[in-house]
Amino acid sequence: MAVNVNDKQTRSFVVEGVDQRLLFGQNDVFLRLIEAHFSTRIVARGDRITIEGNPKDVDQIIRLLKDFVTRLKQGDYLTEQYVHYAISMVKENGYGPAEYISTEQLLTNSLKKVIKPKTIGQSKYVEAIEQNDLVFSIGPAGTGKTYLAVAMAVAELKAKRVSRLVFARPAVEAGESLGFLPGDIRAKVDPYLRPVYDALYDMLQPDKIRKLLELGIIEIAPLAFMRGRTLNEAFVVLDEAQNTTSAQMKMFLTRIGEKSKAIITGDITQIDLDDRRQSGLVKVQKILAGIDGIRFVYLTEKDVIRHRLVQNIIKAYEKHEKPKRRG
């Protein structure tokens, strides 16, 4: 017999083993967020939460609350960002993300904060890096592609599994010629490499970074500086790889030496190359597909860890650009 979606159901959820204040949020903000997304009525009294709404919504909210409890028991805090992410996961897949997000700490940054994956996609990305020597991470801005690559690189260096870190980016002239920028070559290209510096300064003390740069243990350079080299015992990251040509991509990939790992990151929706040239990151997906030891990881707007509006912005652009791609 068909179920009337307008039927109301009331169920209770008993909170056990976690601090209710952490579960509910300040002034019950997390419960109010759930109410807004499911059009239900939620009442918390003591350790009991009562949910009233249509059966499907009530069932999903029970699963959501169980996910929150699991996350808290894992030692993580709930945030509005996580709550929004968990709600979308439960609605789309029927389960919350807590059990599928790695709890492994990559490292502790310079501010004594633990760095670890925040989404299921990021967990798969980190796992791919651990298990493969060459990983391509493709996805939109804000998904942690560069940040997690730098975190993994620093962790590998600290563990002495590599002897140096090399970060490269193509210096694409987007509307301005590098030759007209003031300063020497370092001053000209550093703006293109700023995101890598920012990530490093979030993970290591400034004096430590300066020393490692002076010793050549950390190298940050334009992609062109990689030509003719062999990078042994290194953790190598190529960032913004969507702006490489196919020839540049091949050149970079053939620099990888013994006992090295390489991570290539990029967003194929933000290619700054001339229309006449095809992105090396687009082309390499077909060329290297299926090779053992090489992994492609695709992140989506659900893995965005910046302001939650960034997810909506990415979706809006994708919707706007789809008709153009079809044409």
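Everything here concerns the structure above.
Residues numbered from 1 in each chain as written. Predicted model: local features only at pLDDT ≥ 70, side-chain atom pairs only at ≥ 80, totals over all residues. Heavy atoms only, no water.

Chemist: When you look at the overall build of the protein in this model, what are you seeing that I'm missing?
Modeler: Check the secondary structure of the protein and you find 11 helices and 11 strands. Counting all 327 residues of the protein, 46% fall into the buried class. When contacts within the protein are restricted to residue pairs at least 6 apart in sequence, those whose partners lie at least 24 apart make up 69%. For the protein, the exposed area adds up to about 17,900 Å²; of that, 49% sits on carbon and sulfur atoms. (Helix = DSSP H or I, 4+ residues; strand = E, 2+ residues; numbered from the N terminus. Buried < 20%, exposed > 50% of the residue type's maximum accessible area, 1.4 Å probe, protein only. Contact = heavy atoms within 4.5 Å. Areas by Shrake-Rupley, 256 points an atom, 1.4 Å probe, with all protein chains shown as cover.)

Chemist: I keep staring at a nonpolar patch on the surface and nothing clicks. Help me out?
Modeler: Nonpolar side chains collect at one region of the surface, where Ile268, Ile271 and Val282 lie side by side and expose about 190 Å² of accessible area between them. Among the secondary structure elements, Ile268 is positioned in the loop between strand S10 (261–266) and helix H10 (280–287). (Patch = residues over 30% accessible without salt bridge, like charges linked within 9 Å, V, L, I, M, F, W, Y side chains within 5 Å. Salt bridge = Lys/Arg side-chain N within 4 Å of Asp/Glu carboxyl O.)

Chemist: Please explain the layout of surface pockets as it appears in this structure.
Modeler: Leftover empty space is mapped by rolling, across the atoms, a probe with the size of a water molecule. In this structure, the largest pocket encloses a volume near 1,100 Å³. As for the largest pocket, its lining consists of 43 residues, of which Lys118, Gln122, Gly144, Tyr147 and Ile305 are closest to the centre. For the lining of the largest pocket, the secondary-structure elements that each account for two or more residues are helix H4 (80–93), strand S5 (114–115), helix H6 (145–158), helix H7 (185–203) and S10. Considering only residue class, the lining of the largest pocket consists of 14 nonpolar, 15 polar and 14 charged. (1 Å grid on protein atoms, 1.4 Å probe; cavity = no way out; pocket = protein on both sides within 12 Å on 5 of 7 lines; lining within 4 Å. Points joined across faces, edges and corners; volume = space filled by probe spheres on them. Nonpolar A, V, L, I, M, F, W, Y, C, P; charged D, E, K, R; others polar.)

Chemist: It is not clear to me how the packing of helix H9 (residues 246–253) against H10 should be interpreted in this structure. Could you clarify?
Modeler: In a pair of packed helices, the angle between the axes and the distance between the axes together describe the arrangement. Put simply, H9 and H10 touch, their axes get as near as 8 Å, and they point 65° apart. Note on packing geometry: the crossing formed by H9 with H10 is right-handed. For the pair formed by H9 and H10, the contact residues are Ser246, Met249 and Leu253 on the first element and Gly280, Leu281, Lys283 and Val284 on the second. Here the contact of H9 with H10 is composed, by residue class, of 4 nonpolar, 2 polar and 1 charged. (Axes fitted to C-alpha atoms, helices over the stretch in contact; angles between N-to-C directions. Left-handed = near helix turned anticlockwise from the far one by under 90°.)

Chemist: I keep staring at the sheet that holds strand S8 (residues 218–222) and nothing clicks. Help me out?
Modeler: Backbone-to-backbone hydrogen bonds join strands into a sheet, with any given pair of strands oriented parallel or antiparallel. Within the open sheet, the 6 strands sit side by side as S8-S7-S9-S10-S6-S11. Their pairing is parallel. Here the strands that pair on one side only, and so sit at the sheet edges, are S8 and strand S11 (294–298). Between one strand axis and the next, the sheet turns through 15° on average, direction left out of account. Bridging between strand S7 (residues 164–169) and S8 involves 5 bridges; their strand directions are parallel. Counterpart to Ala168 in the pairing with S8 is Ala221. Sitting on the sheet, helix H5 (residues 120–131) is in contact with strand S6 (134–138), strand S9 (234–238), S10 and S11, with an inclination near 170° to S11. Across the face of the sheet, H6 comes into contact with S6, S7, S9 and S10 while running at roughly 160° to S7. (Pairing = 2+ DSSP bridges.)

Chemist: When you look at the packing of aromatic side chains in this model, what are you seeing that I'm missing?
Modeler: Any pair of aromatic rings gets described here by the distance separating the centres and the angle formed by the planes. Enumeration over the complete set of coordinates arrives at 3 aromatic pairs. For Arg71, the ring lying beneath its charged end belongs to Tyr82, and the centroid distance is 3.9 Å. The residue whose ring lies beneath Lys91 is Phe38, and the NZ or CZ to ring-centre distance is 4.8 Å. (Phe/Tyr/Trp six-rings, centres within 6.5 Å; stacked < 30°, edge-to-face > 60°. Lys NZ or Arg CZ within 6 Å of the ring centre and 35° of its normal.)

Chemist: Can you help me understand unusual backbone geometry in this one?
Modeler: Only a minority of non-glycine residues have a phi that is not negative, and only a minority of peptide bonds are not trans. Despite not being glycine, Ser39 shows a phi value in the positive range, around 55°. Structurally, Ser39 is set in the loop between helix H2 (29–38) and strand S2 (41–45). Note on Ser39: relative accessible area 64%, which makes it exposed. Positive phi, close to 55°, is recorded for Lys259, a residue that is not glycine. For Lys259, the location among the structural elements is in the loop between H9 and S10. Judged by relative accessible area, which is 64%, Lys259 ranks as exposed.

The analysis is restricted to geometry; functional conclusions fall outside its scope.
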